Amino acid sequence: MAGYLTTHVLDTARGCPAQGLRIALYAIEGDERRLLAETVTNDDGRTDTPILPHDRFATGTYELVFHAGDYLRASDQANETPLFLDVVPIRFGMADAHAHYHVPLLLSPYGYSTYRGS
């Protein structure tokens, strides 16, 4: 079976999933960045389907772009201009053509972290 990519966003400041956060996925090829998918998180802070499903999966370098500023403004957590965190890009590599890659984002108005999940 081919690999796939999922993501999950948790709002650590409020202690809940980040619902309604827009995410874009890009393939990185040299200096080029090609948009592959755009989606919005559901009420569990996840996407309804894998952001990169089995039938489109390929190894390589990718970038998830989390539009955190829009979410933080909508949830009344950010009212300064400019925002400290607005767009959060996470660039990562996927080398195993059969693996499930999970790249979550733990988000607050003044910090974030990520890791390779399961």
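Residues numbered from 1 in each chain as written. Predicted model: local features only at pLDDT ≥ 70, side-chain atom pairs only at ≥ 80, totals over all residues. Heavy atoms only, no water.

**Quick notes on the pairing of strand S4 (residues 32-40)**
At step 1: Summarising the sheet, strand S3 (residues 22-29) and S4 pair through eight bridges and their orientation is antiparallel. Across the sheet, the residue bridging to Tyr26 is Leu35, located in S4. (Pairing = 2+ DSSP bridges. Helix = DSSP H or I, 4+ residues; strand = E, 2+ residues; numbered from the N terminus.)

**Digging into the pairing of strand S6 (residues 87-94)**
At step 1: Of the two faces of S6, the one holding Val88, Ile90, Phe92 and Met94 is buried and the one holding Val87, Pro89, Arg91 and Gly93 is not buried anywhere.
At step 2: As paired elements, strand S5 (residues 60-67) and S6 share eight bridges and run antiparallel to each other. The residue bridging Phe66 from the neighbouring strand is Val88, located in S6. (Buried < 20%, exposed > 50% of the residue type's maximum accessible area, 1.4 Å probe, protein only.)

**Considering the sheet that holds strand S8 (residues 111-114)**
At step 1: Sheet architecture is open: four strands sit in the order S2-S1-S7-S8, paired in mixed fashion. Looking at which strands have only one partner, the edges of the open sheet turn out to be strand S2 (16-17) and S8.
At step 2: Where strand S1 (residues 4-11) and strand S7 (residues 100-108) come together, eight bridges link them in parallel fashion. Paired with Leu10 across the two strands is Leu106, which belongs to S7.

**A short note on the side chain of His8**
At step 1: With respect to the secondary-structure elements, His8 resides in strand S1.
At step 2: Among the residues examined, His8 registers a relative accessible area of 11% and is labelled buried.
At step 3: Reaching out from His8, the side chain makes a polar contact with the backbone oxygen of Asp44 at a distance of 3.0 Å.
At step 4: Residues within four places of His8 in sequence aside, it is in contact with Asp44, Gly45, Arg46, His102, Val103, Pro104 and Leu105. (Polar contact = N/O pair within 3.5 Å; in protein donor to acceptor, adjacent residues only side chain to side chain. Contact = heavy atoms within 4.5 Å.)

**Things to note about the packing of aromatic side chains**
At step 1: A full pass over the atoms with the stated rule returns three aromatic pairs.
At step 2: Seen in terms of ring centroids, Tyr62 and Phe92 are 6.4 Å apart; in terms of plane orientation they differ by 25 degrees. Their pairing is stacked. With Tyr62 in strand S5 and Phe92 in strand S6, the pair connects residues that are 30 residues apart, well separated along the chain. With respect to class, Tyr62 is no different from Phe92; both count as buried. (Phe/Tyr/Trp six-rings, centres within 6.5 Å; stacked < 30°, edge-to-face > 60°.)

**Remarks on the pattern of salt bridges**
Proximity of charged atoms lets side chains of opposite charge pair with each other.
At step 1: Evaluation of the coordinates by the stated rule reveals eight salt bridges.
At step 2: Residue Arg14 pairs with Asp11 through a salt bridge whose shortest N-O separation is 3.9 Å.
At step 3: Residue Asp11 is classed as buried on the basis of its relative accessible area, which comes to 2%.
At step 4: Across the pair Glu63 and Arg91 runs a salt bridge, and its minimum N-O distance is 3.1 Å. You can see Glu63 sitting in strand S5 and its partner Arg91 sitting in strand S6, a full 28 residues away along the chain.
At step 5: Via salt bridges that share partners, Arg22, Glu38, Asp70 and Arg73 belong to a single interconnected network. (Salt bridge = Lys/Arg side-chain N within 4 Å of Asp/Glu carboxyl O.)

**Structural notes on unusual backbone geometry**
At step 1: The peptide bond linking Thr81 to Pro82 adopts the cis configuration, its omega dihedral lying at -5 degrees.
At step 2: Its location among the elements puts Pro82 in the loop between helix H1 (68-74) and S6.
At step 3: Even without being glycine, Asp76 reaches a positive phi, approximately 55 degrees.
At step 4: With respect to the helices, strands and loops of the structure, Asp76 is situated in the loop between H1 and S6.

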